[in-house]
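# Structural overview for review
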Amino acid sequence: MDISTADQLKKVQKVSTFVTGAFKTLMVLVGIASVLKLGVLVFMPDAAVTMTDSGVEAVPADNPSFNFHLRLLDIEITADELVFPVRIFTGIALILSVVVYMKILQHLVLLFSGYAEGLIFTRANVHQIRQIGITILCIPLFWMVVDIGFIILMKIIAPGTAIVESGYPLVSILAGTIVVLMSWIMDVGRALHEESELVI
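Residues numbered from 1 in each chain as written. Predicted model: local features only at pLDDT ≥ 70, side-chain atom pairs only at ≥ 80, totals over all residues. Heavy atoms only, no water.

### Looking at the overall build of the protein chain
A tally of regular secondary structure across the protein chain gives four helices and four strands. Secondary structure of the protein chain in N-to-C order comes out as α-β-β-β-α-α-β-α. Relative to its 200 residues, the protein chain shows a buried fraction of 36%. Intrachain contacts of the protein chain at a sequence separation of at least 6 include 66% that bridge at least 24 residues. Accessible surface computed for the protein chain: about 11800 Å², of which carbon and sulfur atoms make up 71%. (Helix = DSSP H or I, 4+ residues; strand = E, 2+ residues; numbered from the N terminus. Buried < 20%, exposed > 50% of the residue type's maximum accessible area, 1.4 Å probe, protein only. Contact = heavy atoms within 4.5 Å. Areas by Shrake-Rupley, 256 points an atom, 1.4 Å probe, with all protein chains shown as cover.)

And the structure:
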């Protein structure tokens, strides 16, 4: 390794150390915010409540025949009242969504921790990148399960009183596929790097 390459590696390590700390801090902040928003969601009064940026929102419905408009992830529900079972289900879905995003952040922490140690082309790094891609690919499945769960729940506790609208996170499918493809390319690069070191 020549001097310029060694200097570049040191820069990568320094930046990766900072990024690792940033992701760890983000995990703590997301955890705290999620607990607070979960508490508001479960224990909020029957009056309209708005929770923006988290993907959870309960506001007066546009349709005068309904009182509440609830948004979770990419799913929207309009109902006569925000009954407790709906709040509990929404809270569970919120927790699961946080777990998914925490998993992605944890893989990023492990990935950049390896970079901070100067470990670039390793099986562990390839594994972290692949797991990030697979987790992203699982997000549409999570959306679908929550969507179906909401529909079933509303039909059981309030038949005919709710409108459920849902989008589908196609971007997650594309992003997950690209990340998994990148992990495969990085694995090939790792193998080539190991072969070149053996030749030398």
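### A look at the environment of Ser97
On the secondary structure map, Ser97 appears in helix α2 (residues 84-116). For Ser97, a relative accessible area of 6% corresponds to the buried category. Residues Ser97 and Val146 lie 49 residues apart in sequence; the distance between their C-alpha atoms is 10.0 Å.

### Considerations on the packing of aromatic side chains
For the coordinates displayed, the defined rule picks out two aromatic pairs. Geometrically, the ring pair formed by Phe23 and Phe112 is tilted, given 5.9 Å between the ring centres and 45 degrees between the ring planes. Placement of the pair is Phe23 in helix α1 (residues 3-43) and Phe112 in helix α2, with a sequence separation of 89 residues. Three or more aromatic residues link up through ring pairs in this structure, and these residues are Phe23, Phe112 and Tyr115. (Phe/Tyr/Trp six-rings, centres within 6.5 Å; stacked < 30°, edge-to-face > 60°.)

### Comments concerning the pattern of salt bridges
Applying the stated criterion across every chain yields a total of one salt bridge. Of the charged contacts, one joins Asp187 and Arg190 as a salt bridge, the two residues approaching to 2.8 Å between their closest N and O atoms. Taken together, the residues Asp187 and Arg190, both in helix α4 (residues 170-199) and three residues apart, mark about one turn of the helix. Asp187 sits in the partly exposed class, given a relative accessible area of 23%. (Salt bridge = Lys/Arg side-chain N within 4 Å of Asp/Glu carboxyl O.)

### Focus: the nonpolar core
Judged by nonpolar contacts, the single largest core of 18 residues is most densely connected at Phe23, Leu105, Leu108, Ile129 and Ile132. When contributions to this core are tallied by element, the ones reaching two or more residues are α1, α2, α3 (123-157) and α4. Residue contributions to this core peak at nine residues, all from α2. When sequence neighbours within four positions are dropped, the list of residues in contact with Leu108 reads Phe23 and Ile132. Membership of the second largest hydrophobic core comes to six residues, among which are Val86, Ala93, Val146 and Leu153. (Core = buried A, V, L, I, M, F, W, Y, C linked by side-chain atoms within 4.5 Å.)

### Points about a nonpolar patch on the surface
A grouping of Leu141, Met144, Val145, Ile148, Ile152 and Ile156 is seen on the molecular surface, where their side chains present a nonpolar patch of about 580 Å² in accessible area. Examined against the element boundaries, Met144 turns out to sit in helix α3. Take Met144: its relative accessible area is 37%, and that puts it in the partly exposed class. (Patch = residues over 30% accessible without salt bridge, like charges linked within 9 Å, V, L, I, M, F, W, Y side chains within 5 Å.)

### Observations regarding the confidence of the model for the protein chain
Looking at the protein chain, pLDDT values average 76 and 68% of them are 70 or higher. For the protein chain, the element scoring lowest by mean pLDDT is strand β1 (residues 56-60), at 43; α2 scores highest, at 88. Counting contacts from residues 46-70, a segment whose pLDDT is below 50, to residues more than four positions away or on other chains yields 74 contacts. (pLDDT = per-residue confidence, 0-100.)

### A short note on α2
Helix length check: α2 (33 residues) gives 47 Å between terminal C-alpha atoms against 48 Å at 1.5 Å per residue, within 8%. Once α2 finishes, Gly118 follows within two positions and takes phi at roughly 85 degrees, a positive value. (Expected span 1.5 Å × (residues − 1).)

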